[in-house]
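Architecture and fold: a report
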Amino acid sequence: RLLDRLASMPGVVSASPSVYMSPFSAGVFVPVTRDATTDTVDALGNPVGARYFETMGIGVIEGRDFTDQDREGGAPVAVVNEVLARWLSPNQPAVGLTVRANGRPLTIVGVVRDLQYYVAGDTPRPQLFTSYWQSALGDAFNNDSRLFIKVAGDPVAMLPEIRRAVSAVDPAIPVSEAHAMRDRVAYMFQPVRVARLLLTASAVLALLLSAVGVYGVLAYSVAERTREIGVRMAIGATRASIAGLVLRDASRVIAIGVVVGVVAAWNSTQFVSSLLFGVSNRDAAAFITGPLVIVTVAALASYLPALRATRVSPLNALRVD
């Protein structure tokens, strides 16, 4: 009754029950055995209702989602994720296979994309979804279920109407938690976001200190050549040739430093790959931006002092100790 009432509400796209609070609890471990074998793997089991994957935005890549026909008395069915599908059937589609979960035979009707549960960066685990309405009615967990609702528009604005719909069906049904999924996900990934902020600040500070150091060293090096620049200008060198000479000398030093730094960084990325989320450990933008900043700063650090030195008269330049 509640699902039918929600489906008729304006703004509600779909709704589906689930025993466990995805993506914050993926379920309980269930031993899954290949049909006619003794090979067993512990998969995370979660009973869900029809249109659950549509509601959660989880892609079904093979077969189908659960439907209203997957109820008690019908053929027991299941949906598995990619990890479990590859384990069950590495060389052929998993849809249509029969498996045993806790000794109960289930026919696989669909395969969904792998999901991330528990913590940010957690690797996908084998997962088995069963039909919510085919679970034993006496199971205690059915009394502690969650209802996922997909709405068009602001989910927070829909919460009062959803609460009224639940109360109209059965005032005794407790609504202990009601949150927008975006807020749940933001809370779940808060440690990652804080770590990202700290690492970004540290990286920017390190890049800034490197740039200041490179600028200071090269500017001092060019300033030390003021007498040499004066001699070259006295014998006919132009400002353009002096600037080119200084930039060429600096470019050799910078090129060696950039090459060594990029190679060292490239080979050390394997040590931080497990700490990265949402970005490759060999992200092209990172390997281009850092050296580009250093090269730009080095060019300015070489060119600006050289330009100042060429504006000094050769006689005064020759007097510099």
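Scroll up to find the structure this text is about.
Residues numbered from 1 in each chain as written. Predicted model: local features only at pLDDT ≥ 70, side-chain atom pairs only at ≥ 80, totals over all residues. Heavy atoms only, no water.

Time to look at the overall build of the protein. Scanning the protein from N- to C-terminus turns up ten helices and nine strands. Expressed as a percentage of the 321 residues in the protein, the buried residues total 33%. In the protein, the share of contacts with a sequence separation of at least 24, taken over all contacts with a separation of at least 6, comes to 73%. Carbon and sulfur atoms provide 61% of the accessible area of the protein, an area that totals close to 18500 Å². (Helix = DSSP H or I, 4+ residues; strand = E, 2+ residues; numbered from the N terminus. Buried < 20%, exposed > 50% of the residue type's maximum accessible area, 1.4 Å probe, protein only. Contact = heavy atoms within 4.5 Å. Areas by Shrake-Rupley, 256 points an atom, 1.4 Å probe, with all protein chains shown as cover.)

This paragraph deals with the nonpolar core. Grouped together as the largest cluster of nonpolar side chains are 16 residues, with contacts concentrated most on Val32, Val80, Leu84, Leu88, Val99, Leu106 and Leu128. Of all the secondary-structure elements, those providing two or more residues to this core are β2 (28-34), β3 (40-48), β5 (77-81), α3 (82-88), β6 (98-101) and β7 (104-112). (Core = buried A, V, L, I, M, F, W, Y, C linked by side-chain atoms within 4.5 Å.)

For the rest of this paragraph, the subject is unusual backbone geometry. Although it is not a glycine, arginine 51 adopts a positive phi angle of roughly 65°. Here arginine 51 lies in the loop between β3 and α2 (52-56). Of note in this structure, asparagine 102 is not a glycine but carries a positive phi near 55°.

One can find aspartate 70 in the loop between β4 (60-63) and β5. Side chain to side chain, aspartate 70 and arginine 64 meet in a polar contact 2.9 Å long. Within the structure, aspartate 70 has its side chain in polar contact with the backbone nitrogen of threonine 67 (distance 2.9 Å). With sequence-adjacent residues up to four places away left out, aspartate 70 is seen in contact with Arg64, Asp65, Val77, Ser131, Trp133 and Gln134. (Polar contact = N/O pair within 3.5 Å; in protein donor to acceptor, adjacent residues only side chain to side chain.)

Another aspect to go through is the packing of helix α5 (residues 181-188) against helix α6 (residues 190-223). As a packed pair, α5 and α6 sit with axes 4 Å apart at the nearest point and diverge in direction by 55°. If you check the angle between α5 and α6, you find them oblique. Only Gln190, Pro191 and Arg193 of α6 make contact with α5, whose side of the interface consists of Ala186, Tyr187 and Met188. Across the contact of α5 with α6, the residue classes break down as four nonpolar, one polar and one charged. (Axes fitted to C-alpha atoms, helices over the stretch in contact; angles between N-to-C directions. Parallel < 35°, antiparallel > 145°, perpendicular 65-115°, else oblique. Nonpolar A, V, L, I, M, F, W, Y, C, P; charged D, E, K, R; others polar.)

This part takes up helix α8 (residues 239-268). Along its 30 residues, α8 runs 43 Å from first to last C-alpha, staying within 8% of the 44 Å computed at 1.5 Å per residue. Listing the buried residues of α8 in full gives Ile242, Ala243, Gly244, Leu245, Val246, Ala250 and Ile254. (Expected span 1.5 Å × (residues − 1).)

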